Amino acid sequence: MYTAHPDRYAEMPYRRTGRSGLKLPALSLGLWHNFGPDRPVETQRAILRRAFDLGVTHFDLANNYGPPPGSAESALGEALRADFAAYRDELVISTKAGYLMWPGPYGEWGSRKYLLSSLDQSLSRMGLEYVDVFYSHRPDPDTPLEETMGALHTAVQQGKALYVGVSNYSPEQTREAARILAELGTPLLIHQPRYSMLDRRPETSGLLDTLDELKVGSIAYSPLEQGLLTGRYLDGIPEDSRAASDSPFLNSDAVTEELVGKLRTLHEIAALRGQSLAQLALAWVLRQGRVTSALVGASSPRQLEDSVAAIGNLDFDADELARIDKIVKG
């Protein structure tokens, strides 16, 4: 029988999400590649238990996470029943819908039919009556935004979601989504963009400025850039790495000599701060408080512990930031 650590809230900082009453841990756990039938159940449950003991109260999913699609939600459902039944009200659980989930014209994108059907399936897999946050995972170029946002509003009205968010939306799409939701009476809580030291698009596109203006929270995914910022690639491409596999998210062509040189220099900066490269990358995303939370994955409790240790030093001086910018931007 799992009993949560009594001091689980002692160290983790919690940040208010936009202008809502919801606070998220600075680091959240994403249940993506490492939660499926090809991974030992005990390892999955050990990661979740260790996360909660460290104050990571937010578990982030999507309908298609696994593989196969749906398996991450099923794995969480089993862990909730086995370990977290007594702690549901201490957890923030989010899921999304938008990418391909089942065959036919109603199995992806942003129609009302797809989103609400997907949410029902997600709740069933997790054994939950509601999720804390339900996202539109990506904008639909063919469905009116009013329909997509209306479906999110309906999820809240039905009591199947407490808050709603969007992911991978442009600044302009985010602004319009927020306007529609405000008129419906369901505020836009949060945006989930891809953001890291190596991927500055939320800055250069004006998305972070838009979220600041709208007072909408943000949670960054891929802050370690698919593992490039973990230190695994300081000496090239390991045989058992994602870049050496047939992963659609990172391939060997991306790991150039120029990039490896940059990673090594960033690693030197991290060492001067008493951090690993991964901790530096996470701290950088969380600097200045503009990002509410950063999403991390984990293949073991130890890897998770290394990520959470980043909260020990989230401050940067101007020289450090300038050096990082010079390295990354070349």
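Please read these numbers as outputs of a predicted model, since none were measured by experiment.

Asks: What should I look at first to understand the overall build of the protein chain in this one?
Replies: Each helix and strand counted, the protein chain has 11 helices and 10 strands in total. The C-alpha extent of the protein chain, read off along each of the three principal axes, is 50 × 50 × 40 Å. Expressed as a percentage of the 330 residues in the protein chain, the buried residues total 56%. If you take every contact in the protein chain between residues at least 6 apart in sequence, the share linking residues at least 24 apart comes to 75%.

Asks: Is there a simple way to think about the sheet that holds strand β7 (residues 161-167) in this case?
Replies: Within the closed barrel, the 8 strands sit side by side as β3-β4-β5-β6-β7-β8-β9-β10. Their pairing is parallel. The mean angle between the axes of side-by-side strands here comes to 30°, regardless of whether they run parallel or antiparallel. Of the pairings in the sheet, the one linking strand β9 (residues 217-220) to strand β10 (residues 293-296) comprises 2 bridges and is parallel in character. Residue pairing in the sheet places A220 in a bridge with A294 of β10.

Asks: I keep staring at helix α2 (residues 71-84) and nothing clicks. Help me out?
Replies: Two residues of an α-helix separated by three or four positions point the same way, owing to the 3.6 residues in each turn. Look at α2: 18 Å from first C-alpha to last across 14 residues, which is about the 20 Å you get at 1.5 Å a residue. Most of α2 sits out of view: 10 of its 14 residues are buried. Inspection of α2 places S71, A72, E73, A75, L76, G77, A79, L80, D83 and F84 among the buried residues, and these make up the whole buried set. Contacts made by the buried residues of α2 are with α1 (41-53), β4 (58-60), β5 (92-97) and α3 (112-126).

Asks: Even after reading the chapter, I still don't get the packing of α3 against helix α4 (residues 145-157), so can you show me in this structure?
Replies: The packing of two helices is summarised by the inter-axis angle and the distance between the axes. Relative to each other, α3 and α4 sit at 30°, their axes nearing to 8 Å. In this view, α3 runs roughly parallel relative to α4, as classed from their interaxial angle. As α3 runs across α4, the sense of the crossing is right-handed. For the pair formed by α3 and α4, the contact residues are R112, L115, L116 and L119 on the first element and E147, T148, G150, A151, T154 and A155 on the second. Each residue belonging to the contact of α3 with α4 can be placed in one class, and the counts come to 5 nonpolar, 3 polar and 2 charged.

Asks: Can you walk me through the packing of α4 against helix α5 (residues 171-184) in this structure?
Replies: Contact geometry of α4 with α5 gives a least axis separation of 9 Å together with a crossing angle of 50°. Classified by the interaxial angle, the pair formed by α4 and α5 is oblique. In this structure, the crossing between α4 and α5 has a hand that is right-handed. Within the contact between the two elements, α4 uses L145, E146, M149, G150 and H153 and α5 uses Q173, E176, A177, R179, I180, L181 and L184. Along the lines of polarity and charge, the residues of the contact of α4 with α5 split into 6 nonpolar, 3 polar and 3 charged.

Asks: Help me out: how do you make sense of the pairing of β5 in this one?
Replies: As a general feature of sheets, a regular strand has side chains that alternate between the two faces. Among the 6 residues that make up β5, 6 are buried, leaving the element largely enclosed by the rest of the structure. Because side chains alternate across β5, one face comprises the buried residues V92, S94 and K96, and the other comprises I93, T95 and A97, equally buried. Bridge count for β4 against β5 is 3 bridges, and the pairing is parallel. The residue of β5 that forms the bridge with H58 is V92. The parallel pair β4 and β5 is bridged by α2, and the resulting crossover is right-handed. Relative to strand β6 (residues 131-136), β5 runs parallel, the two sharing 4 bridges. Directly across from A97, in β6, lies its bridge partner S136. Considered for its hand, the β-α-β crossover made up of β5, α3 and β6 is right-handed.

Asks: What am I meant to see in the pattern of salt bridges here?
Replies: When the charged atoms of two side chains with opposite charge come close together, those side chains can pair. In this structure the tally under the stated criterion is 24 salt bridges. K96 is paired through a salt bridge with D60; the nearest N and O atoms lie 2.7 Å apart. Here D60 lies in strand β4 and K96 lies in strand β5, a separation of 36 residues in the sequence. Accessibility expressed as a relative area gives 0% for K96, which makes it buried. The residue R201 makes a salt bridge to D199 at a minimum N-O spacing of 2.6 Å. For D199, a relative accessible area of 8% translates into the label buried. Overlapping salt bridges, with partners in common, bring together E42, R45, R49 and D83 in one network.

Asks: Sorry, what's going on with helix α11 (residues 318-329) here?
Replies: Taking 1.5 Å per residue, 12 residues should reach 16 Å; α11 reaches 16 Å between its end C-alpha atoms and fits that length. When α11 is considered as a whole, its buried residues turn out to be E320, L321, I324, I327 and V328. Axial view of α11: buried residues confined to an arc of 130°, hence all on one face. α11 presents A318, D319, K326 and K329 as exposed residues on the side facing more than 90 degrees away from its buried surface. Elements that come into contact with the buried residues of α11 comprise α8 (257-272) and α9 (277-286). The opening residue of α11, the one whose side-chain oxygen lies 3.1 Å from the backbone nitrogen of D319, is D317. Downstream of α11 by one or two residues, G330 has phi in the positive range, about 75°.

Thresholds applied
Residues numbered from 1 in each chain as written. Predicted model: local features only at pLDDT ≥ 70, side-chain atom pairs only at ≥ 80, totals over all residues. Heavy atoms only, no water. Helix = DSSP H or I, 4+ residues; strand = E, 2+ residues; numbered from the N terminus. Buried < 20%, exposed > 50% of the residue type's maximum accessible area, 1.4 Å probe, protein only. Contact = heavy atoms within 4.5 Å. Pairing = 2+ DSSP bridges. Axes fitted to C-alpha atoms, helices over the stretch in contact; angles between N-to-C directions. Expected span 1.5 Å × (residues − 1). Parallel < 35°, antiparallel > 145°, perpendicular 65-115°, else oblique. Left-handed = near helix turned anticlockwise from the far one by under 90°. Nonpolar A, V, L, I, M, F, W, Y, C, P; charged D, E, K, R; others polar. Right-handed = clockwise from strand over helix to strand, strands pointing away. Salt bridge = Lys/Arg side-chain N within 4 Å of Asp/Glu carboxyl O. Arc of directions from axis to C-beta. Polar contact = N/O pair within 3.5 Å; in protein donor to acceptor, adjacent residues only side chain to side chain.

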